[in-house]
Amino acid sequence: MADSVLTFERVTLQIDGRTYLRDVNLEVREGESVVVAGLPGCGMSFVLRLALGLPGMDGSDISLGGRVYVLGKEIFQLGGTQLQRLRRRIGSVMRDGSLIENMDIHHNVTLPLQYHFRDSMSWSEIEARCDALLDDMELSDLGRPGIRPVALNREQRLYASLARALIVQPFLLLLDTPAAGLSPRRAQRMCRFAFRYEPEFATPLPGEAPCRVPTRVVTTSDLGSYLKFADRILVFTADGDILDAGDAVSAQASSDSRVRELIDCEDCNEAELAADGSNINAGGEHG
């Protein structure tokens, strides 16, 4: 049986007096693609942020109960250096992509390597990884010097953010509503990259075990767009619990109103673009 990559043990999360998760148990195993679906504003994105140690939450009143494990390590018991080492092989794309506006796209995409591996990789090796990703995404022009995020449309920003997450060949890929705001056809292409694409690079990351197939956890309100890509579907309920709806076939056949609401929702794609309580102080994390 595959090893557990992400585990919640009776996790309760309260922020600024509001409870988002209540006594949640969760296990995501190596190589799984798990979709966590919930209504906009429910706080489902905290599932992703907990896996990173709740970055960007300075100034918030946080109450956390239970335990969160990543690769068997209790994330909130790690010291700063240990947490950074674990995070450097976790790729994440949060709601707005979190690109750094005063950096061009090439530097945005390569930022995790510059931050974590600058002493052990040559600049040519770093550039080659960026070029390979943008070529595969048919966006090689974005790698030219001087092209900044302000010049990109929403779809291009999402791909640039995904490229930045994939450049470290992560063992865990966390994606918050990656296809929100795209047309159905473009959303399906984005999902194929997010769920199926496995980048190949000429040289491995120094000192790191190779990982071609990441474990994926994706949050969304538009469950219908993601069904065929998911190995397992979890539904974030109104009381802060998580319901396991099984695989795509089981979810589509479900008569549970909480599952059906998310599959049949016609306006969820647009609703995902609105502000979400789970996105408090969200920012790009590279450490």
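Here, every reference points to the structure presented above.
This is a predicted model, so every value here is computed, not measured. Sequence order as written defines the numbering, with residues in each chain counted from 1. In keeping with the predicted nature of the model, local features appear solely for residues at pLDDT of at least 70, side-chain atom pairs appear and are counted solely at 80 or more, and the whole-chain, interface and lining totals rest on all residues. The basis for every side-chain value is the complete set of non-hydrogen atoms in the structure, without hydrogens or water.

**As for unusual backbone geometry**
Right, on to step 1. Positive phi is not limited to glycine here, since Asp16 has a value of about 50°.
Right, on to step 2. The secondary structure listing takes helices from DSSP runs of H or I that are at least 4 residues long and strands from runs of E that are at least 2 residues long, numbered from the N terminus. Along the chain, Asp16 turns up in the loop between strand 1 (4-15) and strand 2 (18-29).
Right, on to step 3. Phi at Asp23 is positive, roughly 55°, even though this residue is not glycine.
Right, on to step 4. The cut-offs for exposure are 20% and 50% of the maximum accessible area for each residue type, with area from a 1.4 Å probe on protein chains only; residues under the lower value are buried, those over the upper are exposed, and the others partly exposed. Given a relative accessible area of 35%, Asp23 falls into the partly exposed group.

**Comments concerning the nonpolar core**
Right, on to step 1. Core analysis: the largest hydrophobic core is formed by 54 residues, its most contacted members being Ile105, Leu113, Met137, Leu162, Phe195, Leu223 and Ile233.
Right, on to step 2. Broken down by element, the residue count for this core peaks at seven residues, all from helix 5 (residues 154-166).
Right, on to step 3. Working rule for contacts: check all heavy atoms of both residues, and any pair within 4.5 Å makes them a contact. Excluding anything up to four places from it in sequence, Leu113 contacts Arg118, Met121, Ile126, Arg129, Ile167, Val168 and Leu205.
Right, on to step 4. Core analysis: the second largest hydrophobic core is formed by 39 residues, Phe46, Ala51, Leu86 and Leu174 among them. Only buried Ala, Val, Leu, Ile, Met, Phe, Trp, Tyr and Cys residues count toward a nonpolar core, and they belong to the same one when joined by side-chain atoms within 4.5 Å.

**Looking at a nonpolar patch on the surface**
Right, on to step 1. Together, Ile62, Leu64 and Phe76 make up an exposed nonpolar region whose accessible area comes to about 210 Å².
Right, on to step 2. For Leu64, the position within the fold is in strand 4 (residues 62-70). Patch membership requires more than 30% relative accessible area and the absence of a salt bridge. Residues of like charge join within 9 Å; the nonpolar side chains Val, Leu, Ile, Met, Phe, Trp and Tyr join within 5 Å. Residue exposure ignores everything except the shown protein chains as possible cover, and the areas themselves are Shrake-Rupley values with a 1.4 Å probe. Any Lys or Arg side-chain nitrogen located within 4 Å of an Asp or Glu carboxyl oxygen qualifies as a salt bridge.

**A closer look at the pairing of strand 3 (residues 33-37)**
Right, on to step 1. Of all five residues in strand 3, five are buried; the element is thus mostly enclosed.
Right, on to step 2. Residues Ser33, Val35 and Ala37 of strand 3 are buried on one face, and the alternating residues Val34 and Val36, pointing to the opposite face, are buried as well.
Right, on to step 3. Across five bridges, the pairing between strand 3 and strand 8 (residues 215-220) is parallel. Residue Val35 lies in a different strand from strand 8, and its bridge partner there is Val218.
Right, on to step 4. For two strands to pair, DSSP has to find at least two bridges joining them. Pairing geometry for strand 3 and strand 9 (residues 232-236), over four bridges, is parallel. Residue pairing in the sheet places Val36 in a bridge with Leu234 of strand 9.

**A few points about the environment of Asp136**
Right, on to step 1. For Asp136, the position within the fold is in helix 4 (residues 123-136).
Right, on to step 2. Judged by relative accessible area, Asp136 falls into the partly exposed class, the value being 40%.

**Re the packing of aromatic side chains**
Right, on to step 1. Only Phe, Tyr and Trp rings are paired, with Trp represented by its six-membered ring, and only when their centres lie within 6.5 Å; those with planes under 30 degrees apart are stacked, over 60 edge-to-face, the remainder tilted. Evaluation of the coordinates by the stated rule reveals five aromatic pairs.
Right, on to step 2. Ring geometry for Phe193 against Tyr197: centres 5.1 Å apart, planes inclined by 65°, an arrangement best described as edge-to-face.
Right, on to step 3. Residue Phe193 is classed as buried on the basis of its relative accessible area of 12%.
Right, on to step 4. Tyr197 sits in the buried class, given a relative accessible area of 12%.
Right, on to step 5. Linked through ring pairs, Tyr159, Phe193 and Tyr197 together constitute an aromatic cluster.

**Side note on the environment of Arg260**
Right, on to step 1. Its location among the elements puts Arg260 in helix 8 (residues 257-264).
Right, on to step 2. When the C-alpha atoms of Arg260 and Pro210 are compared, they prove to be 39 Å apart, with 50 residues separating the residues in sequence.
Right, on to step 3. Sequence-distant contacts of Arg260, that is, excluding residues within four places in its chain, are made with Ala251, Gln252, Ala253, Ser254 and Ser255.
Right, on to step 4. One polar contact links the side chain of Arg260 to the main-chain carbonyl oxygen of Gln252, over a distance of 2.9 Å. Residues adjacent in sequence count toward polar contacts only when both atoms are side-chain atoms; beyond that, a polar contact is any pair of N or O atoms within 3.5 Å, and within protein one must be able to donate a hydrogen and the other to accept it.

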